[in-house]
Each structure stands twice: as C-alpha cells, then as structure tokens.
Amino acid sequence: MKKILALLMIFAVLLSLFACGKADGDGKENTTGNTAAVDKTEDTSAEVTTAAEMKKGDKGNGPADINAEFITLKLPSGYNYEVDSFSKDSNNPLYGDVTLYIYKDGSYSSIATLTATARNMVHSQEEAVENTIKLCNLQTYKNGESEIGNDAQYGENTYSTVHVTTEYYEKDFFVTYANRGASDTKGLLVKLEINNKNIKADDPFIKELLDSLKIVMA
C-alpha cells in the first residue's frame, strides 16, 4: 500500500513539473523569473510649486513648474532653485514679489537670479532698465558702466538686454515690464540676472528658461 501511495505522489509531482514546463514554453502562464520585464521607465513628471506653498528657503529640482500667481515658468532638469523671497497681495493677485536663485546640479553658487516685483514702481520698459542699472550702482556705491543691447524676444515677452560692469563684477540682465490692465497701478518688473561668468547670455538654458516664463495678465 505504501509503495502505491509513493508511486502516486511521484506521478503527481511529474505532472506538475510537466505543466510548469509547458507554461514556460508558451510564455503566458509562468510568472516567476520575469522581474526584467517590469516597466522601470523613469518618472519625468514635473514637480509643481504653487504660490500657496511658496516661502523663503523652499528648494526644488527640475523639471519643475513654478507658479507664483503673477508669473509662471518651467525649470528644466539638471537645475534646481531656492526661493529667496516671496510675498503676494491677498487682495490683488497681480501684486507680489518673488526672487529665485537658480543653480546647476552639483553647484553651490547660483548661476542666475530671477526677480519679479511690483514694488519698484516702474511704469515702462525704459524705467525698468534704469531701475536695474541704478540698483547695480547702489550695490557698489559707485557708478559702473552699462551697455544696453538689442531687444530679445523670448516666449511671450520682449526683454531689454543690459550688460553692467562695476569695480567688482560684470553681469548680464534680461529685463522686461508689463502693465496688466486698468487695475494695475504698479506694473510688474521681471529681470533675469546672470551671476556666473561661465554662463553667457546666449546659453541654451537661459533661452529655455525665458521661453517658458509667462506674466499672468488681468
């Protein structure tokens, strides 16, 4: 009796092995050893930073969609940012102030500073350029040399290009101004300041960043 039971058990095991082998051949039923087939596609969805969450000291990595209510922009992968300042008028979303330091991955010093502000009380593109140069002079307590270049169109905005030379540095700026309707009594000054001498005004990253920047109109 014991021999019969042993033979039956061996027969059952053989049938099981045969069934597994057949499933392997068809490639439809076997679920073991298939970890290489798992989709490991990298998630490249952009991180989203909104005005409701933004505060001084916040940091993020690209790709990132940055929404400060009065401006929006996209930071590409390979770069990261830190919020230096942010404020907004709860009664009027057109009014606010944001400054972002932008870094290249692995760098400890910023390569650019983006500022959008309704506090400078400028009312035209020309005044926005004058304000940018004046602030550079105030930082050094001396009048530097400034050269206003050709206008540059990036995305929806026209930027004045400014090259400033002082006793301590040379910097390039892209400066634009927007009046956003009858209720906008202050206007918005937006400028990108290039801080790194190795990043030129025609760098593809600068173009990509400015192409993505949008001023939210009334």
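Now for a look at the structure at hand. These numbers were taken from a predicted model, which means no experiment stands behind them.

How each quantity is defined
- Residues numbered from 1 in each chain as written.
- Predicted model: local features only at pLDDT ≥ 70, side-chain atom pairs only at ≥ 80, totals over all residues.
- Heavy atoms only, no water.
- Phe/Tyr/Trp six-rings, centres within 6.5 Å; stacked < 30°, edge-to-face > 60°.
- Helix = DSSP H or I, 4+ residues; strand = E, 2+ residues; numbered from the N terminus.
- Buried < 20%, exposed > 50% of the residue type's maximum accessible area, 1.4 Å probe, protein only.
- Polar contact = N/O pair within 3.5 Å; in protein donor to acceptor, adjacent residues only side chain to side chain.
- Contact = heavy atoms within 4.5 Å.
- Salt bridge = Lys/Arg side-chain N within 4 Å of Asp/Glu carboxyl O.

**Regarding the packing of aromatic side chains**
This model, assessed by the stated rule, comprises 5 aromatic pairs. Ring plane angle 15° and centroid distance 3.8 Å describe the contact between Tyr79 and Phe205, whose orientation is recorded as stacked. With Tyr79 in strand 5 (residues 79-89) and Phe205 in helix 3 (residues 204-212), this pair connects stretches of sequence that are 126 residues apart. Note on Tyr79: relative accessible area 12%, which makes it buried. Ring geometry for Tyr154 versus Phe174: centroids 5.8 Å apart, planes at 80°, classification edge-to-face. You can see Tyr154 sitting in strand 9 (residues 152-154) and its partner Phe174 sitting in strand 11 (residues 170-178), a full 20 residues away along the chain. Each member of the pair, Tyr154 as well as Phe174, carries the same accessibility label: buried.

**Notes on the side chain of Gln125**
In this fold, Gln125 is placed in helix 2 (residues 125-140). Looking at Gln125, its side chain comes within polar contact range of the side chain of Ser160, at 3.1 Å. Here Val175 takes part through its backbone oxygen, which lies 3.0 Å from a polar atom of the side chain of Gln125. The residues touching Gln125, leaving out its near neighbours within four places in the chain, are Thr158, Tyr159, Ser160, Val175, Thr176 and Tyr177.

**Examining unusual backbone geometry**
Note on backbone geometry: most residues besides glycine have negative phi, and most peptide bonds are trans. Looking along the chain, the bond that leaves Gly62 and enters Pro63 is cis, with omega of 5°. Examined against the element boundaries, Pro63 turns out to sit in the loop between strand 2 (59-61) and strand 3 (64-67). Its identity as a non-glycine residue notwithstanding, Glu69 has a phi of 75°, on the positive side. The residue Met121 is not glycine, and still its phi comes out positive at about 55°. Tracing the chain through its elements places Met121 in the loop between strand 7 (112-117) and helix 2.

**Some thoughts on the pattern of salt bridges**
This model, assessed by the stated rule, comprises 7 salt bridges. We note a salt bridge from Asp65 to Lys74, for which the minimum N-O separation is 2.9 Å. Its salt-bridge partner being Asp184, residue Arg180 comes within 2.9 Å of it at the nearest N-O pair. Overall, Arg180 belongs to the buried group, its relative accessible area being 2%. Residue classification places Asp184 among the buried positions, given a relative accessible area of 4%.

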